[in-house]
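Structure assessment
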Amino acid sequence: MKLFYAFLISFAFCGATFAQDFSIRGVLYSAEDGEPLGGEKIRLLRMDSTAAGGSYTDDDGLFNISNISKGDYIIQILAYGYEVKEVNYSVTEASGNKDFTFEVEKDKVVDIDAVQISAEQRQKTREVLIGVNQLDQKGLERIPSTGGENDIVAAFSVTPGVVTTGDQGGQLYVRGGTPIQNKILLDGMTIYQPFHSIGFFSIFETELVKSADIYTGGFDAQYGGRISSIMDITYRDGNNKKFSGKASVSPFMGKLVLEGPIGKSDGPGGLSYVFSGKHSLIDQTSRTLYPNINRDEETGEIAGMPFSFTDFYGKLTYKGDGRSKVSAFGFHNNDQVNFDIADINWTQSGGGMNFLLVPTGAKVFIKGHINGSRYSTIFDEALSESDTVRRSSSIGGFDLGFDFTYFIGDKGEINYGLNLGGFNTDFTTFNEAQRKIELKNFTTEIGAYVNYRFVSTRWVINPSIRMQMYATYSEVSPEPRLGIKFNANEKLRLKASGGRYSQNFTSAASDRDVVNLFNGMLSAPTNVQSTFITQFQNEKNPRNGLQYAWHAIGGFEYDLTKKVSINVEAYYKYFSQLSNININKLYEDDPEFNDIDDVFKKDFIIENGESFGADLLVKYSEERLFLWGVYSYGNSTRWDGFQFYRPVFDRRHNINLVGTYLFGKDKDLEVSVRWNLGSGLPFTPTTGFFEEQNFQDGVTTDYINNNPSYVAINLGDFNSERLPYYHRLDLSVKKRFEFKNSTVMEINASVTNLYNRRNIFYVNRVTGRKIYQFPILPSLGLSYKW
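So, how was this worked out
- Residue positions are given per chain, counted from 1 along the sequence in the order it is written.
- At least 70 in pLDDT is required for a residue's local features to be given in this predicted model, at least 80 for side-chain atom pairs to be given and counted, and no such filter applies to totals for whole chains, interfaces and linings, which use all residues.
- The side-chain quantities take in all heavy atoms of the structure and omit both hydrogens and water.
- For the purposes of this entry, the term helix denotes a DSSP run of H or I that reaches at least four residues, the term strand denotes a run of E that reaches at least two, and both are numbered from the N terminus.
- Accessibility here uses a 1.4 Å probe with only protein chains present; expressed as a share of the type maximum, an area under 20% marks a residue as buried, one over 50% as exposed, and anything in between as partly exposed.
- Residue contacts are counted whenever heavy atoms from the two residues lie within 4.5 Å of one another.
- All accessible areas in this document rest on Shrake-Rupley with a 1.4 Å probe, and a residue is counted as covered only by the protein chains that are shown.
- Directions from the helix axis toward the C-beta atoms define the arc.
- When two rings of Phe, Tyr or Trp (its six-membered ring) have centres within 6.5 Å they constitute a pair, described as stacked for plane angles under 30 degrees, edge-to-face for angles over 60, and tilted for the intermediate range.
- Two strands make a pair as long as DSSP finds a minimum of two bridges between them.
- What makes a salt bridge here is a side-chain nitrogen of Lys or Arg within 4 Å of a carboxyl oxygen of Asp or Glu, nothing more.
- Nine residue types can take part in a nonpolar core, namely buried Ala, Val, Leu, Ile, Met, Phe, Trp, Tyr and Cys, and a core is a set of them joined through side-chain atoms within 4.5 Å.

Description of the overall build of the protein chain
What the protein chain contains, in helices and strands, is five helices and 47 strands. Sorting the 786 residues of the protein chain into buried and exposed places 56% on the buried side. In the protein chain, the proportion of contacts linking residues at least 24 apart, taken out of those at least 6 apart, comes to 66%. Carbon and sulfur atoms make up 55% of the accessible area of the protein chain, which totals about 32300 Å².

Shown next, in the form of structure tokens:
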């Protein structure tokens, strides 16, 4: 604890150590819609056109050029895809700041594909970029759509190292981590459930996505609270220049996006809004359009696709002088799926405020957020016609954070920040012995980090450290991290990263499920065994179920040509402490069972494990053709103190192939295909059934003549068998029509599961009934954008 306070004191005075000199700083916007432009070059030239300094804008369009001597200069803005802009300025003071707000016009003759390649190439040499896949709206729209609707979940599923559970269920496993070990952020807010039960769609609106960064491991200290991966999604602000929107409809859903200024706005400042809403239609349309899905073989009754969801999002943004801004947003999502054998319902709502401050005279940019949200889910499984088991989980919480950025010219930057969070969890489930397991808890977390990125011609070095304090458990986790890249030459770049990670939250999936549909969410339990023997036969005495992991990643990037690139990464994750539901619990944790070992009476159990593998990504990108090929090898094991076992996401081989081609003189006809192949996931087989006595009359129960009504399941070795291979081919065709009034109509035809593969989705152990993933699904969608 003293270490954490010492870190905070050092952190508080971090900004005071920066040199006092003269700086030119500001923000860069697009003149078309007022959106900040990130990753663009700002040059400072002397009057003879020699270089005097420079910087790159961050995601918020901010830049800073420091260590400027007195004299006359030219500020040159080189934004790819935009016209070059130059402004003269004279520095007459030895120290201080000069703030600028720049708007740039689009260059109508620029080659957009060349722009994209140039921007990516520049980023490759200035950032470590290991274990990360970065996408924007255009990248998301390249993936074949389902039901005429592009969605971010499709991009996640083709990311190297990511394993999906299929068309339904909406779960992602990243390089050996479970869904609860993935942190999903939307403008700085944690989203507890990002995916709908119908696995084609997430809660996110593709039309609003500015950037989506997927970190599969080895991420720096800016991110904390998860031990596997980070998915950081940023929405753009509403258009503060003009009213615009998009409406679309398909058999799967209808949606609407509206945005525009509120009042008059001169320049990039002013008030703007954006709103999006979508609602599923598939539960109504499927009975007619897809009559063979969920048809009762005996009665012929058509159940259709019993999925229903609704998403709303709204944001107001105020930009004062064009540099500082504040945004307030809110969202609501609900999801419902009703099968004969299982029902799932969940809802989540939240809201918050983000702000960006550029203080006069200060050397740093300040970003902050405060938000709160709540998520709850209920899962009802039918064990028989009259017997149903209900599992439930909920979490509510708040988060307050501040982030500070100090640019060191074009040589890098220093980031540091602090955040405080509080969370309330309520969880109930049952294990195989029908023992009820429940936990209610409120916990608080405090995190502080310092992140430094140094950039030279050859090297990118990114050391960072995070101090994560779990106040409820009186635990402090020091988490050093390091990322390094060496630019060997113009084509070859070597890279590596690693560090220590921790998290509070854990999830407990039922061992009854052949395919897991319910993943409860709870704070780190304290009801764990007092002694744990690790897989290396070392004895530990855990006090709680906080989870810890170490990451190590190494790889290289190689550009075969300007259009073809290869990325190879190998990774190892050691999960030194994991918490899981105790499937071995047979007794209540009461004084009368003091002589029973903890592993048979505690609700939760400590485990550890490891995951290793390698990912190969080959990408080809040119004016009309885009190809993306991924092969992933993964190997994950867990040790529960009794045995090694394979977790449910242990997929040995995974292949994703994506191709997009633009036809026509105006490139207005797009054809996209995606094929996915995954080896079988492990499951625990059912070896038999027996009638279980509940001994309701105690020792006087007549177990000879009594006829019990409950049928119990006898399970085989845990996760000892594997489901069949999963594979699916998707195709989509888009035709775009541009009208003279600058509006665009798009027709999207798609076929999901083109060759009608029967992939397993769910099996009820008691009845043996199987539900398969979706069969062939043709669809036609229409959208109109103005």
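And the narrative resumes.
Points about helix α5 (residues 282-289)
Burial in α5 covers these residues: Ile-282, Asp-283 and Ser-286. What you see down the axis of α5 is that its buried residues fit within an arc of 85°, all on one side. Among the exposed residues of α5, those oriented more than 90 degrees off its buried face are Gln-284 and Thr-288.

Things to note about the packing of aromatic side chains
Enumeration according to the criterion identifies 32 aromatic pairs in this entry. Taking 6.0 Å as the distance between ring centres and 40° as the angle between the ring planes, the aromatic pair formed by Phe-201 and Phe-309 counts as tilted. Taken together, the residues span a long stretch of sequence, with Phe-201 in the loop between β12 (189-190) and β13 (209-215) and Phe-309 in strand β18 (residues 307-319) at a distance of 108 residues. With respect to burial, Phe-201 and Phe-309 carry one shared label: buried. With a centroid separation of 4.9 Å and 85° between ring planes, the pair formed by Tyr-645 and Phe-718 is classed as edge-to-face.

Quick look at the sheet that holds β12
Strand order in the open sheet formed by five strands is β8-β13-β14-β11-β12, with mixed pairing between adjacent strands. Two strands lie at the open edges of the sheet, namely β8 (132-135) and β12, each paired on one side alone. When β13 meets strand β14 (residues 229-235), the two strands line up antiparallel, connected through six bridges. Among the inter-strand pairings, Ile-214 is bridged to a residue of β14, identified as Met-231.

A short note on the pattern of salt bridges
Per the counting criterion, the structure on display carries 35 salt bridges. Its salt-bridge partner being Lys-785, residue Glu-207 comes within 2.9 Å of it at the nearest N-O pair. Note that Glu-207 is positioned in the loop between β12 and β13 and Lys-785 in strand β47 (residues 777-785), a separation of 578 residues in sequence. Given the relative accessible area of 5%, Glu-207 is considered buried. Of the charged contacts, one joins Arg-736 and Glu-738 as a salt bridge, the two residues approaching to 3.0 Å between their closest N and O atoms. Here Glu-738 falls in the exposed class, since its relative accessible area comes to 56%.

Looking at the nonpolar core
Inside soluble globular proteins, nonpolar side chains tend to come together where they are buried. Ranked by size, the top nonpolar core spans 44 residues in total, and within it Phe-156, Ile-191, Phe-204, Ile-233, Tyr-235 and Tyr-313 carry the most contacts. Of all the secondary-structure elements, those providing two or more residues to this core are α4 (152-157), β10 (172-174), β11 (182-186), β13, β14, β19 (325-338) and β35 (625-639). Apart from residues no more than four positions distant in its own chain, Tyr-313 is found in contact with Leu-186, Asp-187, Leu-208, Tyr-235, Val-274, Phe-275, Ser-276, Phe-329, Gly-330 and Phe-331. Core analysis: the second largest hydrophobic core is formed by 32 residues, Met-305, Ile-344, Ile-437 and Trp-639 among them.

A few points about the pairing of strand β5 (residues 71-78)
Here strand β2 (residues 41-46) runs beside β5; their pairing, made up of six bridges, is antiparallel. Paired with Leu-44 across the bridge in β5 is Ile-75. With seven bridges joining them, β5 and strand β6 (residues 85-91) adopt antiparallel strand pairing. Paired with Ile-74 across the two strands is Asn-88, which belongs to β6. Adjacent in sequence and paired antiparallel, β5 and β6 are bridged by six residues, among which Gly-81 carries a positive phi angle near 90°.

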